[in-house]
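# Remarks on the overall topology
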Amino acid sequence: MATGWGSILRDEQLEEMARQAVDRALAEGVLLRTSQEPSSSDVSGGRTSLVATSANCVCSFPSALVLLIAQEKERNIFDQRAIENELLARNIHVIRRRFEDVSEKGSLDQDRRLFMDGQEVAVVYFRDGYMPSQYSPQNWEARLLLERSRAVKCPDIATQLAGTKKVQQELSRMGILEMLLPGQPETVARLRATFAGLYSLDMGEEGDQAIAEALAAPSQFVLKPQREGGGNNLYGEEMVQALERLKDSEERASYILMEKIEPEPFGNCLLRPGSPVRVVQCISELGIFGVYVRQEKTLVMNKHVGHLLRTKAIEHADGGVAAGVAVLDNPYPV
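The name that an unreviewed UniProt entry assigns to the protein is Glutathione synthetase, with the source organism given as Leptonychotes weddellii. Under the UniProt heading Catalytic activity (unreviewed entry), the note attached to the protein is "gamma-L-glutamyl-L-cysteine + glycine + ATP = glutathione + ADP + phosphate + H(+)". In its Cofactor (unreviewed entry) section, the UniProt entry covering the protein states "Mg(2+)".

Structure, rendered in structure tokens:
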């Protein structure tokens with residue numbers, strides 16, 4: 001565990017390590033466009049802990065054209081460019097388009113092959129379309145066109161929905177894993193041992209009971225909407241206020257309650273633009289990258305390919321790297 005840095009390193013040593021860590025992070029592509037200039041790369045910033053790393057997952061499809069669905073103002077463009085460059089090195093070309101472009105210039109032929117600006121598309125890679133606010137009626141039509149096509153979707157709509165908080169909550173119900181993994185009690189037990197408590201807020205007795213328990217002990221729960229990225233979850237008094245507002249409304253079903261995870265804090269040095277270098281108490285969250293490929297109902301590939309460790313100061317209840325709260329970190333096995 002990384003503790004006691006303050007007693008080991010002098011201030012000048014910490015400053016020098018910080019400079020080297022920032023330079024290494026920038027060289028590795030740990031960058032974001034600034035919020036002031038989200039459409040320009042003239043000025044960019046990075047966030048990292050004192051030890052930084054990056055990981056990418058790249059799929060290779062020979063002689064394929066990849067359509068990357070992107071937002072017009074995209075701060076997190078540099079990891080996208082890294083994937084583009086890796087594919088180009090394999091002679092796989094990527095075109096970047098918005099949903100609006102697909103609506104205006106995308107088409108299917110009689111065999112449901114997808115074409116964009118007259119070029120056939122083999123793979124659609126979504127870097128937009130993960131929040132309801134990103135879907136206008138025109139964008140919904142574009143998404144439907146892409147889903148109807150024969151092109152590989154990363155992810156398709158079914159896989160995207162499978163990653164939502166509501167589906168995770170339903171998977172935690174007793175009997176669901178047993179149905180999905182029949183005759184594999186040991187596997188079911190190992191999976192269930194990794195679950196935190198997940199509770200439905202659907203209208204009815206079950207949802208009423210979950211709300212009552214959360215209001216009675218708000219420090220033990222997190223209220224989660226169906227959103228990706230940081231800065232969306234509600235804790236403490238904010239959660240209480242939201243539950244009081246939602247408890248008699250059907251809108252509450254768009255949230256789930258989760259048992260709050262309490263990891264043990266440790267000392268680390270978080271590096272941010274314009275912030276002093278100092279050791280603070282932190283907690284981390286480890287995410288696992290995987291490759292999952294299927295053809296209709298036939299599984300082609302499902303394997304682990306990397307990880308992402310995010311660290312934040314304990315003073316922050318919620319927030320990801322792009323939200324400006326957490327930083328990229330590196331595991332230190334002990």
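### Digging into the overall build of the protein
Counting its regular elements, the protein contains 11 helices and 17 strands. Evaluated residue by residue, the protein yields a buried proportion of 36% over its 334 residues. Approximately 19,700 Å² of the protein is accessible, and the part contributed by carbon and sulfur atoms is 51%.

### Brief notes about the packing of aromatic side chains
Summed over all chains, the structure comprises 4 aromatic pairs. Measuring from centroid to centroid gives 4.1 Å for Tyr135 and Trp140, while their planes differ by 20°, and the two rings are stacked. According to the relative accessible area criterion, Tyr135 is buried, its value standing at 12%. Relative to Phe221, the ring of Tyr199 lies with its centre 6.0 Å away and its plane at 65°, an arrangement referred to as edge-to-face. Taken as a pair, Tyr199 in strand β11 (residues 198-200) and Phe221 in strand β12 (residues 221-225) lie far apart in primary sequence, 22 residues in all. Assessed through its relative accessible area of 32%, Tyr199 is described here as partly exposed. One Lys or Arg, Arg143, reaches over the ring of Phe126 and ends 4.1 Å from the middle of that ring.

### A word on the nonpolar core
In terms of nonpolar packing, the biggest core is built from 16 residues, with Leu67, Ile69, Val102, Val124 and Leu146 touching the most fellow members. Secondary structure elements with two or more residues in this core: β4 (65-69), α4 (99-105), β7 (114-116), β9 (123-126) and α5 (137-148). One finds Leu201, Ala210, Leu223 and Leu243 within the second-largest nonpolar core, a separate group that totals 13 residues.

### Considering the sheet that holds strand β8 (residues 119-121)
The 3 strands lie next to each other as β6-β7-β8, forming an open sheet whose pairing is antiparallel. The sheet is open, and its two borders are formed by β6 (106-108) and β8, each paired with just one other strand. Across this sheet, the average inter-strand angle for adjacent strands is 35°, counted without regard to direction.

### What about the pairing of strand β5 (residues 93-97)?
In this structure, β4 lies alongside β5, joined through 5 bridges in parallel fashion. Each bridged residue has a counterpart across the sheet, and for Val66 the counterpart in β5 is Val94.

### Concerning the pairing of β9
Every second residue of β9 is oriented toward a common face, with Val123 and Tyr125 on one face and Val124 and Phe126 on the other, all of them buried. In terms of strand pairing, β4 meets β9 through 4 bridges, oriented parallel. The residue bridging Leu67 from the neighbouring strand is Val124, located in β9. The pairing of β9 with strand β10 (residues 152-154) spans 3 bridges and is parallel. Among the inter-strand pairings, Val124 is bridged to a residue of β10, identified as Lys153. For the handedness criterion, the β-α-β arrangement of β9, α5 and β10 is classed as right-handed.

### Some details on helix α3 (residues 78-89)
Spanning 12 residues, α3 covers 17 Å between terminal C-alpha atoms, matching the ideal 16 Å at 1.5 Å per step. Among all positions in α3, only Phe78, Gln80, Ile83, Glu84 and Leu87 are buried. Asn91, located one to two residues past α3, shows a positive phi value of around 65°.

Parameters at a glance
Residues numbered from 1 in each chain as written. Predicted model: local features only at pLDDT ≥ 70, side-chain atom pairs only at ≥ 80, totals over all residues. Heavy atoms only, no water. UniProt positions renumbered as here; feature names shortened; annotations may be inferred. Helix = DSSP H or I, 4+ residues; strand = E, 2+ residues; numbered from the N terminus. Buried < 20%, exposed > 50% of the residue type's maximum accessible area, 1.4 Å probe, protein only. Areas by Shrake-Rupley, 256 points an atom, 1.4 Å probe, with all protein chains shown as cover. Phe/Tyr/Trp six-rings, centres within 6.5 Å; stacked < 30°, edge-to-face > 60°. Lys NZ or Arg CZ within 6 Å of the ring centre and 35° of its normal. Core = buried A, V, L, I, M, F, W, Y, C linked by side-chain atoms within 4.5 Å. Pairing = 2+ DSSP bridges. Axes fitted to C-alpha atoms, helices over the stretch in contact; angles between N-to-C directions. Right-handed = clockwise from strand over helix to strand, strands pointing away. Expected span 1.5 Å × (residues − 1).

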